Structures are given as C-alpha cells and as structure tokens.
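The chain contents come next:
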Amino acid sequence: MKIKSMIVFLVIVISFIGGCSSSEDTYDAPKELAITKVDSGKLKLTWRYTDSSKDLTFTIARKMGEDGWADEFYTTEDDSKVFIDEVDTENFSVVSYKVRANNNEQGNSSTFSMPVAFFPDKAKPSDLQAQQINQENIQLTWVDNAIGEDGYRIGKKSGETWIENYAVVDANATTFTDSVYSLFTEVSYRVSAFVHESYSAALELTFMPIFSAPSELTLEQLSISQVRVAWQDNSEGELGFHLQRRIGAGANGDYDWGNTITLTENSTEYVDIPNVEAGTLYYRVRAFKDTMFSNYTEIKSINFNLKDIGEVNLPAYATDVHVTGQYAFIANEYSGIQVVNISNQQNPVLVMNITDPVISGKVLSVYVDEDSYLYATNQNGGLSIFDVYDMENPSFVEYIPFTFTEFQPLDVEVGTIDNQKYAFVAGGSAGLIVVKIDIYGQLGSMIVGRHNTHGVAYEVEKYNNTLYLADDSNGVYQFNVSDPENPVVDNVNYSIQRANSLFIYGNKLFVGCGERGLEILDRATLERVNSFLTQGYVKEVAVQGRFAYLADNNRGLTILDIQLIDDLKEIANITTETNANSLMIKDSYAYIGTNNKLLIIQIIP
C-alpha cells in the first residue's frame, strides 16, 4: 500500500510542475530561418514551423546595424511563414532578424530562432592585404565596412582544402596575425564578416611567405673610390646575400641592375669599389637560399664624387650664368647682374650688383668676351655693354636700343668675324638680331642684321662662321654668318620641338627641349642622331668630356654618359630645392642658377 500511494503522489507532483512551466519554453523555436533580397530595399524572410494549434502567429525581432534588438518589431496576423521587410539595402548596416512562434490559443510563445543577417554589398570587407612582418608571422589587414557584424571569420588554405573557420576575430577588427609554418609554400586566406551563421561576401588572397628581407640599408662614401654598404640581417637559414648596384636612375627600372655581388650568410656590410669617375649610385640587397630569395631592401642612393660644395643666396630669378676667371656673372632679372667671387668654390661670395644706368627691367642673359666686356640683354629692349676688366671698378660702356615691339632678348653670344666683333642675339619673337660692336667708333655699336624665324628664338651658339639658333616653335636653324650683316639660312630642322638651349661639342649639336628632353643632332646636317627623355623639363645643356649636363626645371642637375652616342645613359641626378634655370660647366664644377641661389657642384673628384 505504501508503494502504490507513493506512485500516485509522484504523478500528481509531476503534473503540477508541468502546468507551471514557462510559456516561452513550451514550444520549440521556428527552424530554417532564411533571408533573401527580392529587390532594392526589400528583404524576404521565410521559416519552417510545425504546430497543430489553430490560433498561431509569429513575432519578428530586428536589429539594424549597431542598434539593439527590437524584439517586438512585427507580429503576423496569421500563421504565414513569410515576411517582406522594406529596409535600406544599399548602405553599410547589417540587418539581422530572428523569429518566435506565438500560440495564442494557449497563451504561450516559443523561444526565438537563431538569427540570420543580410549584408549589403557595401558592408563586405575590402582591401585585403598580407604582409610578412618577420620570418615567423604574416599579418592580414582589411577595411572594416560592416556596421553591426558579430565579428570576422578567417578561412585558410594550404594545399587543396579550405579550413573555413580557421580563426574568428571580434567585431570591428581589421587585422589578424598568423604563424608561418612553411617558407616558400603558398597559403590562401579569405575574410568575411558574420552574424551567427550568416556571412558577407568574402575577400580572398594568396601569399607566399619567404625569407625576411634585409633592412636599414645605409651608404657611406669612404674615399674617392670606395662606398660602404651596410644593412641589417633579418633572415634565418639563408646561404648568403645578393648586393646589386646600378649607376643612375635609368629608364628601364629593375632591368638596369647590371652588377650583382654574392656575399656569404650573415653578412651585414660590404665595401664596394664602383670603378666609375662619378655618378649617382643605387644599391639594394636581398637574402637567398638556392633558387629562393627574400624581397630586396628599400633602394638607397648616394652621389658618388658629386658634391654640392658652395652656394650663394640670390634674388629671384637666376636666368643665365656665365663664368670667367674667378667670377660668375648672373642675369638676375629685376635685380640686375649679380657678380660672385668663386676663387674659393667652397665659399663663394657675392661681391657686387651691376645695374644698367640707361634702362630698367629684367636682365635675361649675360656674356663676357675675351676682352673682358660684359654684354647683358634686357627685356625692356636693348643690349648693354660693361667693361669688367677691373672688377674693383666695373664701368658702363654703351647701350644699343632695340625698337622691335615684339623683342625679348633671351640670349646673347659674341664672336669675331674678319677681325670685327659681333653680338648675336636670340630675340624671342623678333628672331635673330646681329649687332656690330664698335665701342670706340664714331657711330658706336649698332644693329646690322636680322632674320625673323617666325617663332620664339631662345638661344644662339656660334662655331666659326656658322651660327645655330634654337627656336621654341620652329626647331633648330643653321645660319651662314660669314657676312654677319646678311645671315643666310643654310638648314633648318623643324621637327625639333620646344628647343630652348644649344651646345656645340665636336661634330654634334646638343639641344635642350623642355619636357621633350635632350636631342642630339649632326652639326653639319642637323639630322637627329639620338634623343633622351629625362622625365623633367630641360632648360640648359652643356657638355664636357664624356658627359652631358642638363639643368632641369623639375629634377635639378642631370648627368648623361654620352661616350656611346647610340646608348645614352643617365648616371647621376642631383636635385635642387628650386628650379634649375641656367647652367655653365667650368673645369671640375657645375655652376647652376636656380630660382633663389647660385649652386656650385663639384662634378670631377
């Protein structure tokens, strides 16, 4: 009897506990909740739920971006298992949903289903990159675009099989660091944002971990023949290092690396003997093992046997420079003619300023002849002559006015023909102007000849009885000036565009052509021999020995090796703080007029 009574008691207790259970636990949650985009601004939810109750509805909870859950966002009017939501699907916010069932007949509700989420296209991660931060670790980085994700899932593949949930990082994360397990073996990663088991579109990349590259490359010139190259060794297990050198920036990038030096493992420095007279030397280093290589170090450069040894501040602008004896004469626009004592190139001194007592305006060009007469052209019209034999007391001698309204005297050169001195002037829009110099004659100096090139005459160069003229619009002219008062055009190369400077060297004519670089012509025929594009704006050109020197508005001083005229090579580039406007090479030095300085650069050790 006692056992039977106990069984009855337990049945009653269990029935009582069951009747008092929580209504939210009475029913299972809806299953297979799915979300699809049916149109721009419209999302469709579907789910599955089995229940025999007649009075059944569903409550949908929604979460927008980083906002909290709205648990009572929407309740259906019947047991339909489809819901269309109108929501912005073109922004960065993730939209999440979950659903519960309501048994209105019994007054009970189920728990919520697992959530699903919609990721707009804008919300997927972007700019996935991998960087090997050392020989043991790879760092992934990406841009977090999603608002409201639970986190990011990292998938990984090494071989043929993906590990989809290789790693999980928190919401708003933008980095993940992975260990390197095998060098020189490709590994793939993909990254996607997630909410529960809903994922954004994934970004994917493939990366091969390699030796850690050397770093902290430094260069030091030890002597006129040696450069010390030093670096930090970051790799382990390498067999050695490759050190590469090139001369000049070159036009072909990596293809110009023509010198490779092989060094032993754990090397951290090398003393290089470049076997070049001067140039800008570029170096890089990498580790290697058999046919496997690290990345190169950052490329570093050094101006070998090229030294910026002196400078003088000037007013704006130094448009022309002429060096003779121990003085540099600079056409300095509205500031007249600046005279710099260069007897000590490391300590040049501005000693005086010569101004024209007759006319004011921009001084555009200067020239000093063998008799120590200084010729200066002025934008406001005319040619002025000064006696600078006694530099303690330079004196004004004569002014030759020009009446051409279009005249802009950009350059002047003086030469002697049949024992008579003439000034040849590149007169801008006025073309070529010839002035007979007769300082102590009864009539004085005067204009005796002219030829209109119908362009813009920039510079003149004389060789015996032949005169060459660079015209910015109409190419390069060759004049016969055996009769200076009647200059005769012997030849013209109209194809040379933007010609603004000339230099005669041997049987070649070197022409500076602004953004078109350097043109080299046969001096006799004016036929093109070769050209070189500097990627800058050439304003002046000079040649000495086996090198051509270019004053470049954008790049400073560029030096070309012209020993092989069919294979020109840039061997050096020395940048200047402001535009390099004018240039003269004298002995071992380059004298460069910039916007605000005269620079003296030693070009030969």
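Here, the structure is the one placed above.
Residues numbered from 1 in each chain as written. Predicted model: local features only at pLDDT ≥ 70, side-chain atom pairs only at ≥ 80, totals over all residues. Heavy atoms only, no water.

Participant: What is the right way to read the sheet that holds strand 2 (residues 42-48) from this model?
Facilitator: What holds strands together in a sheet is hydrogen bonding between their backbones, with the strands either parallel or antiparallel. Pairing is antiparallel in the open sheet, where three strands are placed in the order 1-2-5. Two strands close off the open sheet at either side, each with one partner strand: strand 1 (31-39) and strand 5 (82-86). If you compare each strand with its neighbour and ignore which way they point, the axes differ by 20 degrees on average. Direction of pairing for strand 2 relative to strand 5: antiparallel, over a ladder of five bridges. Bridge pairing in strand 5 places T46 opposite V82. (Pairing = 2+ DSSP bridges. Helix = DSSP H or I, 4+ residues; strand = E, 2+ residues; numbered from the N terminus. Axes fitted to C-alpha atoms, helices over the stretch in contact; angles between N-to-C directions.)

Participant: Explain the environment of S223 here, please?
Facilitator: Tracing the backbone shows S223 in the loop between strand 17 (215-221) and strand 18 (227-232). Residue classification places S223 among the partly exposed positions, given a relative accessible area of 25%. It is 29 Å that separates the C-alpha atoms of S223 and N341, two residues lying 118 residues apart in sequence. Among the polar contacts made by the side chain of S223, one reaches the main-chain amide nitrogen of Q226 at a distance of 3.3 Å. (Buried < 20%, exposed > 50% of the residue type's maximum accessible area, 1.4 Å probe, protein only. Polar contact = N/O pair within 3.5 Å; in protein donor to acceptor, adjacent residues only side chain to side chain.)

Participant: Sorry if this is basic, but what is going on with unusual backbone geometry here?
Facilitator: For residues besides glycine, phi is generally negative; the peptide bonds are generally trans as well. Looking along the chain, the bond that leaves A316 and enters Y317 is cis, with omega of -5 degrees. With respect to the helices and strands, the residue Y317 is situated in the loop between strand 25 (307-313) and strand 26 (320-324). Even without being glycine, E333 reaches a positive phi, approximately 50 degrees. Position of E333 relative to the elements: it lies in the loop between strand 27 (327-331) and strand 28 (337-341). Accessibility expressed as a relative area gives 12% for E333, which makes it buried. Even without glycine at this site, D418 takes up a positive phi of about 50 degrees.

Participant: Whenever I open this one, the pattern of salt bridges confuses me. Can you help?
Facilitator: Once their charged atoms are close, side chains differing in charge can pair, the charge on each being opposite to the other. Following the criterion strictly, the structure yields 19 salt bridges and no others. Linking E72 and R100 is a salt bridge whose minimum nitrogen-to-oxygen distance equals 2.9 Å. Taken together, the residues span a long stretch of sequence, with E72 in strand 4 (residues 70-75) and R100 in strand 6 (residues 95-103) at a distance of 28 residues. (Salt bridge = Lys/Arg side-chain N within 4 Å of Asp/Glu carboxyl O.)

Participant: What is the right way to look at the sheet that holds strand 48 (residues 556-561) in this model?
Facilitator: Strand order across the open sheet formed by four strands is 46-47-48-49, with antiparallel pairing between neighbours. Among the strands making up the open sheet, the edge pair consists of strand 46 (538-544) and strand 49 (569-574). Between one strand axis and the next, the sheet turns through 20 degrees on average, direction left out of account. Summarising the sheet, strand 47 (residues 547-552) and strand 48 pair through six bridges and their orientation is antiparallel. Across the sheet, residue A551 finds its bridge partner in strand 48, namely L557.

Participant: How should I be thinking about the packing of aromatic side chains in this particular structure?
Facilitator: Aromatic ring pairs: the centre-centre distance and the angle between the two ring planes describe each pair. Scanning the entire structure with this criterion turns up 14 aromatic pairs. Ring geometry for F194 against Y199: centres 6.3 Å apart, planes inclined by 50 degrees, an arrangement best described as tilted. A relative accessible area of 13% places F194 in the buried class. For Y199, a relative accessible area of 33% corresponds to the partly exposed category. For the ring pair Y477 and F479, a centre distance of 5.9 Å and an interplane angle of 15 degrees mean the geometry is stacked. Across this residue pair, the class does not change: Y477 and F479 are buried. Among the aromatic residues, ring-to-ring pairing joins W47, Y49 and F58 into one connected group. Taking the ring centre of W162 as reference, the NZ or CZ of R190 above it sits at 3.9 Å. (Phe/Tyr/Trp six-rings, centres within 6.5 Å; stacked < 30°, edge-to-face > 60°. Lys NZ or Arg CZ within 6 Å of the ring centre and 35° of its normal.)

Participant: What exactly am I supposed to notice about the environment of F58 here?
Facilitator: Along the chain, F58 falls in strand 3 (residues 56-64). In this structure, the C-alpha to C-alpha distance between F58 and S110, residues 52 residues apart in sequence, is 9.5 Å.

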